Amino acid sequence: MINLQKDALRGSIPPIVTPFKDGKVDYDRLAGLIDFQARNGTHGVLINGTTSEPSTLTVEERNQAVTVAVEAARGRLQVVAATGSQSHAESAVLSEHAARAGADALLLVTPYYIRPPQRGVAAYFIDIGRRVDIPLMMYHIPGRTAFKTDLRTLEEIADALPHFVGIKHAVDDHSFVTEMLHRFGPEFRVFVGLEEFTFPMMCLGAGGTMNAVANVAPREVAELCNLVRAGSLEEARALHYRLFELMKMVFWDTNPIPLKYLMKRLGLLERNEHRLPMMPATPELERRIDELADRLALTAR
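Residues numbered from 1 in each chain as written. Predicted model: local features only at pLDDT ≥ 70, side-chain atom pairs only at ≥ 80, totals over all residues. Heavy atoms only, no water.

Going by the annotation in an unreviewed UniProt entry, the name recorded for the protein is 4-hydroxy-tetrahydrodipicolinate synthase, with Bordetella genomosp. 8 given as the source organism. Under the Pathway (unreviewed entry) heading, UniProt states for the protein: "Amino-acid biosynthesis; L-lysine biosynthesis via DAP pathway; (S)-tetrahydrodipicolinate from L-aspartate: step 3/4." (UniProt positions renumbered as here; feature names shortened; annotations may be inferred.)

Okay, here's the thing in structure tokens:
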């Protein structure tokens, strides 16, 4: 595994929502969201992650989003591009573009729907990884892909690709976090992929979180990461509990439906717009989110 700089691919790297306007991607608003993250101490941004509704975007739109993100970041924070698709050919195009555009790393989701064998996933990652020379991580989200990796698959990828450096682990399996770090060492970048497990998995040694809540509370999520990394666990635990209701709110409906409504309410989005088959929040969900926002006195800095 290649040696990364101490703070590279660590901390809070939230998956940024995709703003839409009249059915089109609002790239100006996307650039503004990235600036909002940079001003609030976020360590990086993830573009075209699950929260970005990537399956509703064209390859051209996803590529343009990465280009806009790199330009908007201006070196102030790291840009990780999620470049996986259900199609190997599309994943290759997306990955090669992101590397050319200046992304700092790639996050490649395990192939979904097809339910491939372990050896097929290893070969898939190795093939994509040989097309690029920037750090590559696996996006492991069995709840959406119907694929759960085993340790041997990660070993096979790591043996073939020195720049395979980590994983976004979006499954309630703390034991596997320990297994990965025990096998690959503390430099292996494990990112927490389920919001409410940010604190406990980071206590086990995960290096950061890709937490959708940071779309609305970037400073707090970044501080949670900073506190755990500094060993200030009592303060981190207290912040974990302050963020806990927001972390649960993300899943009151399919992500990012609740989140986009809250962002519109806070003025971070001009419109609460999705593409089919995603839909805006129902009136009942809006009221529930309104009550939470009022009780927590949420504002956008």
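There's plenty left to go through after this.
Peer 1: Could you give me a rundown of the packing of helix 11 (residues 257-265) against helix 12 (residues 283-296), with the residues and numbers involved?
Peer 2: Direction vectors running N to C along helix 11 and helix 12 enclose 60°, while the axes themselves pass 10 Å from each other. Put simply, helix 11 runs oblique to helix 12. Seen along the crossing, helix 11 lies across helix 12 with a hand that is right-handed. Note on element contacts: helix 12 touches helix 11 through Leu 285, Glu 286, Ile 289, Asp 290, Ala 293 and Asp 294, opposite Ile 257, Pro 258, Tyr 261, Leu 262 and Arg 265. Across the contact of helix 11 with helix 12, the residue classes break down as seven nonpolar, no polar and four charged. (Axes fitted to C-alpha atoms, helices over the stretch in contact; angles between N-to-C directions. Helix = DSSP H or I, 4+ residues; strand = E, 2+ residues; numbered from the N terminus. Parallel < 35°, antiparallel > 145°, perpendicular 65-115°, else oblique. Left-handed = near helix turned anticlockwise from the far one by under 90°. Contact = heavy atoms within 4.5 Å. Nonpolar A, V, L, I, M, F, W, Y, C, P; charged D, E, K, R; others polar.)

Peer 1: If you had to explain the pattern of salt bridges to someone new, which residues and values would you point to?
Peer 2: By the definition in use, this model includes 20 salt bridges. Among the ionic pairs, Glu 187 bridges to Arg 10, the shortest N-O distance being 3.4 Å. Placement of Glu 187 in the loop between helix 7 (174-184) and strand 9 (189-192) and of Arg 10 in the segment before strand 1 (11-12) is noted, with a sequence separation of 177 residues between them. Looking at Glu 187, the relative accessible area reads 41%, which means it is partly exposed. (Salt bridge = Lys/Arg side-chain N within 4 Å of Asp/Glu carboxyl O. Buried < 20%, exposed > 50% of the residue type's maximum accessible area, 1.4 Å probe, protein only.)

Peer 1: Outline the packing of aromatic side chains, listing residues and values.
Peer 2: What characterises a pair of aromatic rings is the spacing of the ring centres plus the angle enclosed by the ring planes. One pass over the structure, following the stated rule, counts four aromatic pairs. Ring geometry for Tyr 124 against Phe 125: centres 6.0 Å apart, planes inclined by 65°, an arrangement best described as edge-to-face. Residue class for Tyr 124 comes out buried when judged on its relative accessible area of 10%. The buried category is assigned to Phe 125, whose relative accessible area is 0%. Taking 6.5 Å as the distance between ring centres and 75° as the angle between the ring planes, the aromatic pair formed by Phe 125 and Phe 164 counts as edge-to-face. Taken together, the positions of Phe 125 in helix 4 (residues 118-129) and Phe 164 in strand 8 (residues 164-169) put the pair 39 residues apart, joining distant regions of the chain. You can call Phe 164 buried: its relative accessible area is 1%. Through successive ring pairs, a cluster of aromatic residues spans Tyr 124, Phe 125, Phe 164, Phe 184 and Phe 188. Its end group placed over the ring of Trp 252, Arg 288 keeps NZ or CZ at 3.7 Å from the ring centre. (Phe/Tyr/Trp six-rings, centres within 6.5 Å; stacked < 30°, edge-to-face > 60°. Lys NZ or Arg CZ within 6 Å of the ring centre and 35° of its normal.)

Peer 1: Give a detailed account of helix 10 (residues 233-249), specifying residues and quantitative values.
Peer 2: With 17 residues, helix 10 ought to run about 24 Å at 1.5 Å a step, and its terminal C-alpha atoms sit 24 Å apart, in line with that. By the largest-angle criterion, Leu 243 marks the main kink of helix 10, which is about 45°. Every buried residue belonging to helix 10 is among Ala 236, Leu 239, His 240, Leu 243, Leu 246, Met 247 and Met 249, and all of these are buried. Lining the buried residues of helix 10 we find helix 8 (198-204), helix 9 (218-230), helix 11 and helix 12. (Expected span 1.5 Å × (residues − 1). Bend = angle between axes of the 7 residues up to and from the residue.)

Peer 1: Which residues make up the pairing of strand 4 (residues 44-47), and what values do they have?
Peer 2: Both faces of strand 4 are covered, namely the face carrying Gly 44 and Leu 46 and the face carrying Val 45 and Ile 47. When strand 4 meets strand 5 (residues 78-82), the two strands line up parallel, connected through four bridges. Paired with Gly 44 across the two strands is Gln 78, which belongs to strand 5. (Pairing = 2+ DSSP bridges.)

Peer 1: If you had to explain the nonpolar core to someone new, which residues and values would you point to?
Peer 2: By size, the foremost hydrophobic cluster in this structure holds 82 residues, and its most contacted members are Ile 47 and Leu 154. Residues in contact with Leu 154, not counting those within four places in the same chain, are Met 138, Thr 149, Phe 164, Ile 167, Phe 176, Met 180 and Phe 184. Counting residues in hydrophobic clusters, the runner-up holds 15 residues, among them Leu 46, Val 80, Leu 107 and Phe 191. (Core = buried A, V, L, I, M, F, W, Y, C linked by side-chain atoms within 4.5 Å.)

Peer 1: Tell me about the state of the cysteines, residues and numbers included.
Peer 2: Disulfides are covalent bonds that link the sulfur atoms of two cysteine residues. Evaluated as defined, the whole model comprises zero disulfides. With no disulfide partner, Cys 203 has as its closest neighbouring cysteine sulfur the one in Cys 225, 11 Å distant. What makes Cys 225 buried here is its relative accessible area of 0%. (Disulfide = S-S within 2.5 Å.)

Peer 1: Just give me the short version of the packing of helix 3 (residues 88-101) against helix 4, but keep the residues and values in it.
Peer 2: Between two packed helices, both the angle of their axes relative to each other and the distance between the axes serve to describe the pair. Running from N to C, helix 3 and helix 4 cross one another at 35°; their axes reach a closest spacing of 10 Å. Every pair of crossing elements has a handedness; the one defined by helix 3 and helix 4 is right-handed. For the pair helix 3 and helix 4, contact is made by His 88, Ser 91, Ala 92 and Ser 95 and by Tyr 124, Asp 127 and Ile 128, respectively. Residues belonging to the contact of helix 3 with helix 4 are distributed by class as follows: three nonpolar, three polar and one charged.

Peer 1: Talk me through the UniProt feature "site: Part of a proton relay during catalysis" (unreviewed entry) in the protein; I want residue IDs and the actual numbers.
Peer 2: The sites that UniProt annotates as "site: Part of a proton relay during catalysis" (unreviewed entry) are Thr 50 and Tyr 113. One can find Thr 50 in the loop between strand 4 and helix 2 (59-73). Given a relative accessible area of 17%, Thr 50 falls into the buried group. Contacts of Thr 50, omitting those with residues within four sequence positions, involve Tyr 139, Ile 141 and Arg 144. Counting through the fold element by element, Tyr 113 comes out in the loop between strand 6 (105-109) and helix 4.

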